[in-house]
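Residue-level structural notes
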Amino acid sequence: MTNIKFTILNKEEILKERTDWTKEEIELISKAVSFSQEKHKEQKRNNGEPYANHVIITGRILAELNMDTTTIVAGVLHDILEDTETTEKEFEKEFGKEILFLVKSVTKLPKLKYQGEERYAESLRKFFVSMASDVRVVVIKLADRLHNMQTLENVREDKRKRIALETLEIHAKLATKFGMQILKVQLEELAFPYAFPDEYKKTKELAGLIDATSDKRLKDITQNIKFVLDTYAVEYIEIQYRIKHLYSLYQKLRKYDMDITKIYDVVALRIILKDLGDCYKTLGLIHSEYKPMPGRIKDYIARPKANGYRSLHTTVFTKDGQTSEIQIRTKEMHDEAEYGIASHLHYKEIGKNKSKEEILRKTGWTKNLLDIQKEMEHRDDFMHHLKTDLFEKRVFVFTPKGDVIDLPEGASVIDFAFAVHTNIGAKISGAKINGKLESLETILQRGDIIEIITNKKSHPSQKWLEHVKTSFAKRQIHKYLEKVEKEQVKIDVKK
Ligand code: MN
């Protein structure tokens, strides 16, 4: 037996996160920490560490997320009802109704296990329904999971992969759904090496190649952008750059045959500005400085993503023969993108004459949760929604003249032809993709240049329906087939 000495964590672990605690808050946190240490004192984590360390770190993560004190305290107490003899009565006497409610909710959440897509949808459904009354319950659960992932190496080897897969498929996706980028990224990066070890190594290798050259390059671009913004007196808060985190890079690589040169946002610059008007002004300045890549300008401010994400994105040619994605947003949008739902539960917002309910209502989150719940009453619809809204990606392709056509991933030459013009779709007989003759069923890849060959005698057929993805093309083909059928009937009648 090895004799490892473990640090016994205390309330300072949480208190160090902030400087503006009130006296009452400090007292409450101290009380929760002592209570947990006492109740969990016989219990140890897998590595022999005192169990209370786990709940204290859960509390610290919640403090890092700027959650209110009630939530932090509930985090410190989150395993008490499940793992100790403490009764609800005793708990309520010490900490009151609200904290009891939160901890009971965390305890009651269905145990989620990833068991394939069908069951996964069911688990998520249960999860949403049970937590919908208070989103803080989910945030506590995710903080708990994050610490469990940080200590996954202490878990028995045969269990690690399953836990890591669950984390990717359930917890990270929940964090995405709630727009909590900061948690999503950490959960994914911790889970990736355990869930898919070989793929992780390969991705890391590829990213390493980029990493080595990008630092100097990004510094130069940042300097230049600062110069441009200063010249035009646009006030910015910060310009930062990031290299795509490995799991998200891996998911993209999979779509592009592990070819990293096809991925445009491996590195991205982020310009954080004071106000909204400056975002569009900055986009204009960037485009006059660097040539934008067609089809890569996205206005998520005018049309936010399903999880509330707002930002302007553009990919530009950076004069060194390379490209870079640039994201432009205000500080408020940035915090929302990093913390998502948690940014609305910020401790400074809560209590200042504002109730949590009010904040959630104001920010649209109550409505959002109700929508999600409603969707989940029809499970198939829910899976569909998850897939289309969160996961469906677009491909941008070009006409020979350089017009951009925006299609869903998996779209074929036929979809393209109909998107260009109904008559072209109806008369298509062949196509050249990047100068090479290809069949009509060919699935288009991002950046393809497609030249359509038409023939007066060509017409849509039943078989085409199997090869189209857009509902527009489907409708047009159906229309044609119905028309032909009617004419056929007329001819038969005449006979
Ligand atoms: Mn726990």
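For the structure itself, look to the data block above.
Turning our attention to the overall build of the chain. Within the chain, the regular secondary structure consists of 21 helices and ten strands. Here the chain, with 495 residues, has 47% of them falling under the buried criterion. Intrachain contacts of the chain at a sequence separation of at least 6 include 65% that bridge at least 24 residues. Of the roughly 26000 Å² of accessible surface on the chain, 51% is carried by carbon and sulfur atoms.

Let us look at the environment of Thr 454. Within the secondary structure layout, Thr 454 lies in strand 10 (residues 450–454). A relative accessible area of 44% means that Thr 454 is categorised as partly exposed. Sequence spacing of Thr 454 and Ala 426 is 28 residues, and the spatial spacing of their C-alpha atoms is 8.6 Å.

Moving on, we come to the sheet that holds strand 8 (residues 428–433). Pairing in this open sheet of three strands is antiparallel, and the strands run 9-8-10 from one edge to the other. Unpaired on one side and paired on the other, strand 9 (436–438) and strand 10 mark the two borders of the sheet. Strand-to-strand twist in this sheet, taken as the mean axis angle between neighbours without regard to direction, amounts to 35°. Examined bridge by bridge, strand 8 and strand 10 share five bridges and lie antiparallel to one another. Counted as the bridge partner of Lys 432 is Glu 451 from strand 10.

A metal bound by six donors in octahedral fashion has ideal angles of 90 or 180 degrees, whereas one bound by four tetrahedral donors has an ideal angle of 109.5 degrees. Around the manganese ion, the protein contributes the donor atoms His 54 (NE2), His 78 (NE2), Asp 79 (OD) and Asp 144 (OD), at 2.3 to 2.4 Å from the metal centre. For the manganese ion, the donor residues sit on a single chain with the sequence spacing H-x23-H-D-x64-D. As far as burial versus exposure is concerned, His 78 and Asp 79 are alike and both buried.

Moving on, we come to the packing of helix 2 (residues 23–39) against helix 4 (residues 69–76). It is at 9 Å that the axes of helix 2 and helix 4 come closest, and there the two elements cross at 10°. One element, helix 2, and the other, helix 4, form an angle in the roughly parallel class. Here helix 2 contributes Glu 25, Leu 28, Ile 29, Ala 32, Val 33 and Ser 36 to the contact with helix 4, which in turn contributes Thr 69, Val 73 and Val 76. Here the contact of helix 2 with helix 4 is built from residues that sort into six nonpolar, two polar and one charged.

Tallied over the full model, the rule gives 26 salt bridges. A salt bridge links Asp 68 to Arg 136; its shortest N-O distance comes to 3.8 Å. Here the residue Asp 68 occupies a position in the loop between helix 3 (52–64) and helix 4, and Arg 136 occupies one in helix 8 (residues 136–150), the gap between them amounting to 68 residues. Here the residues in one salt-bridge network are Glu 13, Lys 16, Arg 60 and Glu 64, joined through shared partners.

Cut-offs and rules
- Residues numbered from 1 in each chain as written.
- Predicted model: local features only at pLDDT ≥ 70, side-chain atom pairs only at ≥ 80, totals over all residues.
- Heavy atoms only, no water.
- Helix = DSSP H or I, 4+ residues; strand = E, 2+ residues; numbered from the N terminus.
- Buried < 20%, exposed > 50% of the residue type's maximum accessible area, 1.4 Å probe, protein only.
- Contact = heavy atoms within 4.5 Å.
- Areas by Shrake-Rupley, 256 points an atom, 1.4 Å probe, with all protein chains shown as cover.
- Pairing = 2+ DSSP bridges.
- Axes fitted to C-alpha atoms, helices over the stretch in contact; angles between N-to-C directions.
- Donors = N, O, S within 2.8 Å, 3.2 Å for Na, K, Ca; no water.
- Parallel < 35°, antiparallel > 145°, perpendicular 65-115°, else oblique.
- Nonpolar A, V, L, I, M, F, W, Y, C, P; charged D, E, K, R; others polar.
- Salt bridge = Lys/Arg side-chain N within 4 Å of Asp/Glu carboxyl O.

Function-wise, these values are silent; they only describe arrangement.
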